[in-house]
Amino acid sequence: MKGASKPRLVWFDANRVFAAFGVVLIHSSTDFGGKAFPDATQGERFIPVFMRSLGEFSGSELFFMFSLFLMAMRVDKKMPAYGIAISQQAQRLLVPFLFWAVFYAFFRLLKADAFNYAPYIWNQLGQVQSWIGYLILGKSQYHMHFLPTLFALLLFYPVMRSATRFPILGLTVVVTIGVMNNAQAFLWGLDIDPTVREYIIRVLKIFGYVGYGMAAFAIYGLWNDGIPRGESRLIRRVGLYFAALAYIATLPFFHIAFETGEWGIRRGWDFYGHFLMPIFVFCIFMGGQFLQWSDRWSLLSKYTFGIYLVHPLVIDVFDVLIFKTGMSQHMTPWMIVVGRFAFALPMSFAVTIGLSKLKPLAWTIGLGPTPWDIVRSSRAST
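Rules used throughout
Residues numbered from 1 in each chain as written. Predicted model: local features only at pLDDT ≥ 70, side-chain atom pairs only at ≥ 80, totals over all residues. Heavy atoms only, no water. Helix = DSSP H or I, 4+ residues; strand = E, 2+ residues; numbered from the N terminus. Rg over C-alpha atoms; globule rule 2.2 N^0.38 Å. Buried < 20%, exposed > 50% of the residue type's maximum accessible area, 1.4 Å probe, protein only. Contact = heavy atoms within 4.5 Å. Areas by Shrake-Rupley, 256 points an atom, 1.4 Å probe, with all protein chains shown as cover. Lys, Arg positive; Asp, Glu negative; His and termini not counted. Charge placed at Lys NZ, Arg CZ, Asp CG, Glu CD. Salt bridge = Lys/Arg side-chain N within 4 Å of Asp/Glu carboxyl O. Polar contact = N/O pair within 3.5 Å; in protein donor to acceptor, adjacent residues only side chain to side chain. Phe/Tyr/Trp six-rings, centres within 6.5 Å; stacked < 30°, edge-to-face > 60°. Core = buried A, V, L, I, M, F, W, Y, C linked by side-chain atoms within 4.5 Å.

1. Thoughts on the overall build of the protein
Helix and strand counts for the protein come out as 17 helices and zero strands. In terms of overall dimensions, the protein is globule-like: its C-alpha atoms have a radius of gyration of 21 Å, near the 21 Å expected for 382 residues. Each principal axis of the C-alpha atoms in the protein carries an extent, and together these give about 60 × 55 × 45 Å. Residues classed as buried in the protein amount to 49% of the 382 residues present. Of the contacts made within the protein by residues no fewer than 6 positions apart, 82% connect residues no fewer than 24 positions apart. Split by element, the accessible area of the protein, about 18,400 Å² in all, is 67% carbon and sulfur. Distance between charge centroids for the protein: 12 Å, based on 33 positive and 20 negative side chains.

So, in structure tokens, the structure goes:
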């Protein structure tokens, strides 16, 4: 043990790895078009839908939670000027985002060509409006929304810091996501330009997700003040209970997918169950801070950012492989989903580790200096 803080934070690293597992599972549990196998029978859809429901114990919202927790830790230990803090986050998040946004804009052609919709993608690539969507909303791939949204959330960190001082403000996440849900439902009912609606909905999502920041900063404040072993055990039990309750709340959503093969719309308690789940899962791990965690969690956790970024390309390679070889014609939905996850998870780790060892590319997954930092360093050494 090298001090008190490091062992206590292994639970946090384990949480990050769990989130990576979950997000890969979520994106592995659909058909080739991202749906819940509408052409299959209900019996054939059961395992894919069930696996998707398990994956949603994690997901991108949990990535928001621990990213915002880290921000709370940074600004508490050393409070930089607002401009400096935002500049640092822009370099950490938006520089890799620009690389991957452009990469996925063209990489999608691999799957598009195999599934005969390449002209549609080429048409997108030739439109300025599409590129604005790629670079602002992250629409070049289904997971790319995370980085620009997270950066926008960090702009609100001075507001979130109030929850570190007054942890009860963490409960306002229920209000913020509720307002987001209500306002989004209203917007979908309006006859407005779809593109304009997308941008307004993203703004609403950012305002709603600030609640995750309030929750993360509040949890950090409590953790930083010190939570004894006994109280930690109580937090873990409560987290487990409410996570189970949130899962039960989402069952109507998954029942619709099971019956129809289409992902429904989260409206009531299934909405709250889904969006509050990350907080309960985070509390489970924090409540386990005194458990005997293996140091391997910390070793694996440094690759989770990269896994989030690269796993869609691994999934696309798997889909193209089994489709072009004809293997998919002999596979049931559960075989496709299980096979895809068994392939995507280790290969995403492998690709991420490989990129981390390539100095010119390690920055793309947050594990190395940016190209201009490398140039600046080389100039300084000459």
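Back to the write-up after that little detour.
2. Looking at the pattern of salt bridges
This structure, assessed with the given rule, holds eight salt bridges. Taking the shortest distance from any N to any O, the salt bridge between arginine 340 and aspartate 319 comes out at 2.9 Å. You can see arginine 340 sitting in helix α16 (residues 333-356) and its partner aspartate 319 sitting in helix α15 (residues 304-324), a full 21 residues away along the chain. Among the residues examined, arginine 340 registers a relative accessible area of 1% and is labelled buried. A cluster of three or more residues bridged by salt bridges with shared partners is formed by Lys111, Asp316, Asp319 and Arg340.

3. Describing the side chain of glutamate 61
Examined against the element boundaries, glutamate 61 turns out to sit in helix α4 (residues 60-77). Buried and unpaired, glutamate 61 has lysine 205 as its nearest opposite-charge partner, separated by 6.0 Å. At a separation of 3.1 Å, a polar atom in the side chain of glutamate 61 contacts the side chain of tyrosine 209. Not counting residues within four places of it along the chain, the set of residues in contact with glutamate 61 comprises Tyr209, Tyr212, His274, Phe275 and Pro278.

4. Focus: the packing of aromatic side chains
Under the definition given, this model contains 49 aromatic pairs. Taking the centre distance of 5.2 Å and the plane angle of 15° together, the rings of phenylalanine 103 and phenylalanine 107 count as stacked. You can see phenylalanine 103 and its partner phenylalanine 107 sitting in helix α5 (residues 82-114), four residues apart, about one turn around the helix. Relative to tyrosine 134, the ring of tryptophan 131 lies with its centre 5.1 Å away and its plane at 75°, an arrangement referred to as edge-to-face.

5. A look at the nonpolar core
Across soluble globular proteins, nonpolar side chains show a tendency to be buried alongside one another. One finds Trp11, Met65, Phe69, Trp100, Ile279 and Phe282 to be the most contacted residues of the largest nonpolar core, which totals 83 residues. Contacts of isoleucine 279, omitting those with residues within four sequence positions, involve Met65, Val173, Tyr212, Ala215 and Ile219. Counting nine residues, the second largest nonpolar core, distinct from the first, contains Phe37, Ala40, Met51 and Ile322.

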